[in-house]
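Given next are the chains, with one letter for each unit.
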Amino acid sequence: QVQLVESGGGLVQAGGSLELSCTASTRTFSNYIMGWYRQAPGKEREFVAGITRSGGYRHYADSLKGRFTISRDTAKNTVYLQMSSLKPSDSAVYYCAATTTGPNLRGPFDYWGQGTQVTVSS
């Protein structure tokens, strides 16, 4: 069992950047594959990015590759999502997710945070 808490969401102008953080309450953070999903109103929750236990490999949704970067810091039990060149279509609630299973970085994920709102204005 692990609890995930996201932070860093907010309002940003189109073309700007924003970094989301997710802190995991576990002493075995390195055992978890971590990921980010997002969900806009009226849409299904969609995969954004995933990262291996060691942080050595990252996988992204094709449409987001090149603009978003996922990373993790073992010492801080934290996974990050650096977002750049943001578009209004990126507006969504962003969720942090974790699983101890693998090797699929798209999940399924077993644990979820409460989400953080990202709003991109034009």
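Residues numbered from 1 in each chain as written. Predicted model: local features only at pLDDT ≥ 70, side-chain atom pairs only at ≥ 80, totals over all residues. Heavy atoms only, no water.

Caption draft 1: Just the pattern of salt bridges, in detail. By the definition in use, this model includes four salt bridges. The salt bridge involving Asp62 is made with Lys65; its shortest N-O contact spans 4.0 Å. Lys65 carries the same exposure label as Asp62, and that label is exposed. Residues joined by salt bridges that share partners form a network here, namely Arg38, Glu46, Arg67 and Asp90. (Salt bridge = Lys/Arg side-chain N within 4 Å of Asp/Glu carboxyl O. Buried < 20%, exposed > 50% of the residue type's maximum accessible area, 1.4 Å probe, protein only.)

Caption draft 2: Looking closely at the pairing of strand 8 (residues 78-83). In terms of burial, strand 8 is a largely internal element, five of the six residues being buried. Bridge analysis of strand 3 (residues 18-25) against strand 8 gives six bridges, and the strand direction is antiparallel. Considered in strand 8, the bridge of Leu20 is made with Leu81. As judged from the six bridges shared by strand 7 (residues 68-73) and strand 8, these two strands associate in the antiparallel manner. When the sheet's bridge partners are listed, Arg72 is paired in strand 8 with Val79. Hairpin connection, strand 7 to strand 8: the antiparallel pair is bridged by four residues, and Asn77 has positive phi, about 50°. (Helix = DSSP H or I, 4+ residues; strand = E, 2+ residues; numbered from the N terminus. Pairing = 2+ DSSP bridges.)

Caption draft 3: The arrangement of the environment of Gly56 in detail. Inspection of the secondary structure assignment puts Gly56 in the loop between strand 5 (46-51) and strand 6 (58-60). Between the alpha carbons of Gly56 and Ser71 there is a distance of 9.3 Å; along the sequence they are 15 residues apart.

Caption draft 4: Local environment of the state of the cysteines. A complete count under the given rule lists one disulfide for this structure. Between the sulfur atoms of Cys22 and its disulfide partner Cys96 the distance amounts to 2.0 Å. Because the sign of the S-S torsion sets the handedness, a value of about -80° for the bond joining Cys22 and Cys96 places this disulfide among the left-handed ones. In this pair, Cys22 is assigned in strand 3 and Cys96 in strand 9 (residues 92-99), connecting sequence segments 74 residues apart. Take Cys96: its relative accessible area is 0%, and that puts it in the buried class. (Disulfide = S-S within 2.5 Å.)

Caption draft 5: View of the packing of aromatic side chains. Applying the stated criterion to the full structure yields five aromatic pairs. Note on Tyr32 and Tyr111: the rings are 6.2 Å apart at their centroids and 75° apart in plane angle, and the pair reads as edge-to-face. Placement of Tyr32 in the loop between strand 3 and strand 4 (33-39) and of Tyr111 in strand 10 (residues 111-112) is noted, with a sequence separation of 79 residues between them. Their ring planes at 70° and their centres at 6.3 Å tell us that Phe109 and Trp112 sit as a pair that is edge-to-face. (Phe/Tyr/Trp six-rings, centres within 6.5 Å; stacked < 30°, edge-to-face > 60°.)

Caption draft 6: Seen up close, the nonpolar core. Met34, Trp36, Leu81, Met83 and Tyr94 are the most contacted members of the largest nonpolar core, which has 30 residues in total. Going through the elements one at a time, strand 3, strand 4, strand 5, strand 7, strand 8, strand 9 and strand 11 (116-121) are the ones with two or more residues in this core. If near-sequence neighbours (up to four positions away) are discounted, Leu81 is found in contact with Leu18, Glu19, Leu20, Trp36, Val48, Ala49, Phe68, Thr69, Ile70 and Tyr94. (Core = buried A, V, L, I, M, F, W, Y, C linked by side-chain atoms within 4.5 Å. Contact = heavy atoms within 4.5 Å.)

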